[in-house]
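# Report on the structure
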Amino acid sequence: AQSVTQLGSHVSVSEGALVLLRCNYSSSVPPYLFWYVQYPNQGLQLLLKYTTGATLVKGINGFEAEFKKSETSFHLTKPSAHMSDAAEYFCAVSGANDMRFGAGTRLTVKP
Amino acid sequence: DGGITQSPKYLFRKEGQNVTLSCEQNLNHDAMYWYRQDPGQGLRLIYYSQIVNDFQKGDIAEGYSVSREKKESFPLTVTSAQKNPTAFYLCASTMTWKQETQYFGPGTRLLVL
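Residues numbered from 1 in each chain as written. Chains lettered and ligands numbered in written order. Predicted model: local features only at pLDDT ≥ 70, side-chain atom pairs only at ≥ 80, totals over all residues. Heavy atoms only, no water.

Right, let's talk about a nonpolar patch on the surface for a bit. Residue and element names in this part refer to chain B. Nonpolar side chains collect at one region of the surface, where Tyr10, Phe12 and Leu113 lie side by side and expose about 350 Å² of accessible area between them. Within the secondary structure layout, Leu113 lies in the segment after strand 11 (108-112). Judged by its relative accessible area of 64%, Leu113 is exposed. (Patch = residues over 30% accessible without salt bridge, like charges linked within 9 Å, V, L, I, M, F, W, Y side chains within 5 Å. Areas by Shrake-Rupley, 256 points an atom, 1.4 Å probe, with all protein chains shown as cover. Salt bridge = Lys/Arg side-chain N within 4 Å of Asp/Glu carboxyl O. Helix = DSSP H or I, 4+ residues; strand = E, 2+ residues; numbered from the N terminus. Buried < 20%, exposed > 50% of the residue type's maximum accessible area, 1.4 Å probe, protein only.)

If you want it as structure tokens, here you go:
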């Protein structure tokens with residue numbers, strides 16, 4: 001079985017500051033890991049995903065995440081926040097039979 | 001453009017009424033999913049379908065029903081047995097039943113009158 005924990009339901013950063021959204025997972029099989037972004041009243045869009053191979057994954061809009069098996073983590077980062085990054089972010093883990101989503105982290109970007 | 005469409009965008013339900021949410025995809029994907037989203041709870045799986053004419057219950061199937069008569073369509077019915085239906089409903093699909101990226105529709109917000 002798979003599960004995901006996102007640390008922090010709300011994160012607030014200033015424009016230009018580092019964005020760090022935390023995700024820890026558990027999985028009984030080698031996991032596939034995903035980060036999705038959701039803007040208000042819209043569906044989810046894929047930011048990036050890890051399947052196999054390189055543990056540092058680059059995604060859209062300047063985001064990246066690093067798969068750390070020893071820490072069972074897949075934290076999302078962006079060096080410099082932009083106002084347009086304000087949204088809700090979901091980490092997800094996919095196992096053999098299903099995908100599990102975290103509860104989400106709402107990112108606020110202050111001018 | 002390929003993608004997933006959901007309709008309507010907003011839906012109002014009266015007490016005791018069944019309502020149906022539409023989900024259509026033109027991605028030629030085999031698998032489709034319905035999720036319920038409530039504030040602070042992430043996405044919870046209601047039903048999924050790996051292939052046409054087959055579907056399985058997810059974590060919170062009570063009070064919901066689905067059909068999968070066509071590959072491109074996976075409608076969700078919220079029945080009167082669902083006592084707390086107010087939520088945002090998301091439909092998704094994957095190419096096959098594997099560990100793959102899920103593609104999401106824009107969602108339907110269901111409100112109770």
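Okay, back to it.
When pLDDT is averaged across chain A, the result is 94; 99% of the residues are at 70 or more. At the low end of the mean pLDDT range in chain A sits strand 10 (residues 99-101) of chain A, at 90; at the high end sits strand 8 (residues 73-78) of chain A, at 98. (pLDDT = per-residue confidence, 0-100.)

The interface of chain B with chain A comprises 20 residues on the first partner and 23 residues on the second. Roughly 1600 Å² of surface becomes buried between chain B and chain A when both sides are summed, with 48% attributable to carbon and sulfur atoms. In this structure, the connection of chain B to chain A is made through one salt bridge. Two residues, B:Asp59 and A:Arg100, come together in a salt bridge whose shortest N-O distance is 2.3 Å. Where the side of chain B that touches chain A is concerned, the elements lending two or more residues are strand 4 (31-37) and strand 9 (87-94) of chain B. Partitioned by chemical class, the residues of the side of chain B that touches chain A number eight nonpolar, eight polar and four charged. (Contact = heavy atoms within 4.5 Å. Buried area = accessible area lost by both parts, 1.4 Å probe. Nonpolar A, V, L, I, M, F, W, Y, C, P; charged D, E, K, R; others polar.)

A separate point is the sheet that holds strand 3 (residues 19-25) of chain B. Residues and elements named next belong to chain B. An order of 1-3-8-7 is seen for the four strands of this open sheet, with the pairing classed as antiparallel. The open sheet is flanked by strand 1 (4-7) and strand 7 (64-66), the only strands paired with a single partner. The mean inter-strand angle of the sheet, taken between neighbouring strand axes irrespective of direction, is 20 degrees. By the bridge criterion, three bridges tie strand 3 to strand 8 (residues 76-78) in an arrangement that is antiparallel. Its bridge partner being in strand 8, Leu21 is matched across the sheet by Leu76. (Pairing = 2+ DSSP bridges. Axes fitted to C-alpha atoms, helices over the stretch in contact; angles between N-to-C directions.)

A word on the packing of aromatic side chains. What describes a pair of aromatic rings is the distance from one ring centre to the other and the angle between the planes of the rings. Residue and element names in this part refer to chain A. Under the definition given, this model contains twelve aromatic pairs over all chains. Relative to Phe67, the ring of Tyr50 lies with its centre 4.3 Å away and its plane at 20 degrees, an arrangement referred to as stacked. Of this pair, Tyr50 sits in strand 5 (residues 44-50) while Phe67 sits in strand 7 (residues 64-68), and the two are 17 residues apart along the sequence. The burial state of Tyr50 is the same as that of Phe67; both residues are buried. (Phe/Tyr/Trp six-rings, centres within 6.5 Å; stacked < 30°, edge-to-face > 60°.)

So, on to unusual backbone geometry. In the segment running from B:Ser7 into B:Pro8, the intervening peptide bond is cis, with an omega of -5 degrees. The topology assignment puts B:Pro8 in the loop between strand 1 and strand 2 (10-13). In this structure, A:Asn41 is a non-glycine residue whose phi angle is positive, near 60 degrees. Here A:Asn41 shows up in the loop between strand 4 (32-38) and strand 5. For A:Asn41, a relative accessible area of 35% gives the class partly exposed. A positive phi angle is found at B:Asn53, which is not glycine, with a value near 65 degrees. With respect to the helices and strands, the residue B:Asn53 is situated in the loop between strand 5 (43-51) and strand 6 (54-57). Residue classification places B:Asn53 among the exposed residues on the basis of a relative accessible area of 63%.

Let us now look at the pairing of strand 4 of chain A. Across the seven residues that make up strand 4 of chain A, a large majority, six, are buried. Linkage of strand 4 of chain A to strand 5 of chain A, two consecutive antiparallel strands, is achieved through a turn of five residues, within which A:Asn41 is found at a positive phi near 60 degrees.

Now for the state of the cysteines. Residue and element names in this part refer to chain B. What the rule picks out here adds up to two disulfides over all chains. Disulfide pairing is shown between Cys23 and Cys91; the S-S distance is 1.9 Å. Here the S-S torsion is close to -75 degrees, and the disulfide linking Cys23 with Cys91 is therefore left-handed. One end of the pair, Cys23, is in strand 3; the other, Cys91, is in strand 9, with 68 residues separating them in the sequence. The buried category is assigned to Cys23, whose relative accessible area is 0%. (Disulfide = S-S within 2.5 Å.)

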